[in-house]
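The lines below spell out each chain.
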Amino acid sequence: MSPDAGARTRYVGRRTERHARVTSTNDVARDLAAAGAPEGTAVVADEQTGGRGRLGRPWASPPGGLWLSLVLRPRLPAHEAPRLGLAVGVAVARAIERATGVAVRLKWPNDLMVGDRKVGGVLVEAPAEAGWAVAGIGVNANVSLEALPPEVRERATTLEAAAGRPVDRDALLGEIFAEVEKAYEVLRGDGFATILRWWRDRAASLGERVTVRVPGEVVAGVAEGIDEDGALLVRLDDGSVRRLLAGEIG
Ligand code: BT5
């Protein structure tokens, strides 16, 4: 990858560590963050051997993808932490469209979708009191579908498959840096309402009937919106509204 993907930003991606293979770019970025790395420091790998999603789920990360993590220091109170994930998710969706022309929708909380298939995801890790957050971004750029485990392949796609040609990962990385910096600045400037508007404009399932797996139960109803804390609002059949802070739309 070219060294100048961060050339258009003030701090996101200005310092970028590149690796052929790591366990998880989030782990490398966490160590850098804990050691005082400046905000915006990026870690990029061509392959991860222990890539992870939320709740300890594995994230398949064969060569050809874009696997990266950013060190951020957002100073958000704990209950506002989900805002960062939404801001990064919408930024990556915008970046993919700008770099490749592939239309991306967002599935709450942080899935990047092309049609009904997942092309990427975002994992924000922000230990309480740490003073930093790591935003992990995974995009199946030029991954071969055959390189994904069968159960993942059924519900996944790649940008290469969607675009009909390999995508330029450097260009995509540069757009991600630029869009994340923009969204992050908006978020820090108390502009979460703007992030929410961007997010809703790309939402894959708002207004639709959904089932959401949350710890210990499955909630069914109509996805009505996202609130100020990034929680999903689901109208149940009895007319009441459930507010879900974590979970997964089935
Ligand atoms: C996510 O989790 O979608 C967040 C993924 C974040 C990955 C990045 S890569 C760089 C950084 N370093 C890391 O170690 N992680 C971050 P979640 O919503 O929990 O989705 C996980 C689920 O997605 C899995 O259970 C699979 O069903 C599916 N999945 C796994 N690998 C996939 C892939 N490559 N493409 C599409 N779906 C996948």
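Shown above is the structure to which this text applies.
Residues numbered from 1 in each chain as written. Predicted model: local features only at pLDDT ≥ 70, side-chain atom pairs only at ≥ 80, totals over all residues. Heavy atoms only, no water.

Trainee: Whenever I open this one, the pairing of strand β3 (residues 66–72) confuses me. Can you help?
Mentor: The side chains of a regular strand alternate, residue by residue, between the two faces of the sheet. Along β3, seven of the seven residues are buried, which leaves the element largely enclosed by surrounding structure. Of the two faces of β3, the one lined by L66, L68, L70 and L72 and the one lined by W67, S69 and V71 are each fully buried. One ladder, built from four bridges, connects strand β2 (residues 42–48) with β3; its direction is antiparallel. Among the inter-strand pairings, V44 is bridged to a residue of β3, identified as L68. For β3 and strand β7 (residues 133–139), the ladder comprises seven bridges, and the chain directions are antiparallel. Paired with L66 across the strands is V139, a residue of β7. (Buried < 20%, exposed > 50% of the residue type's maximum accessible area, 1.4 Å probe, protein only. Helix = DSSP H or I, 4+ residues; strand = E, 2+ residues; numbered from the N terminus. Pairing = 2+ DSSP bridges.)

Trainee: Sorry if this is basic, but what is going on with the environment of P63 here?
Mentor: Examined against the element boundaries, P63 turns out to sit in the loop between β2 and β3. Note: C-alpha distance between P63 and A20 (43 residues apart in sequence) is 8.7 Å. Sequence-distant contacts of P63, that is, excluding residues within four places in its chain, are made with D46, E47 and V143. (Contact = heavy atoms within 4.5 Å.)

Trainee: In this structure, what is going on with the sheet that holds strand β8 (residues 209–214)? I would like to understand it.
Mentor: Strand-to-strand pairing in sheets goes through backbone hydrogen bonds, with the strands running parallel or antiparallel. Reading across the sheet, the five strands line up as β11-β10-β9-β8-β12 and stay open at both edges, with antiparallel pairing between neighbours. The open sheet has two edge strands, β11 (241–244) and β12 (248–249), and neither has a second partner. As defined by bridge partners, β8 adjoins β12 across two bridges and the pair is classed as antiparallel. Looking at the pairing, V212 lines up with I249 of β12.

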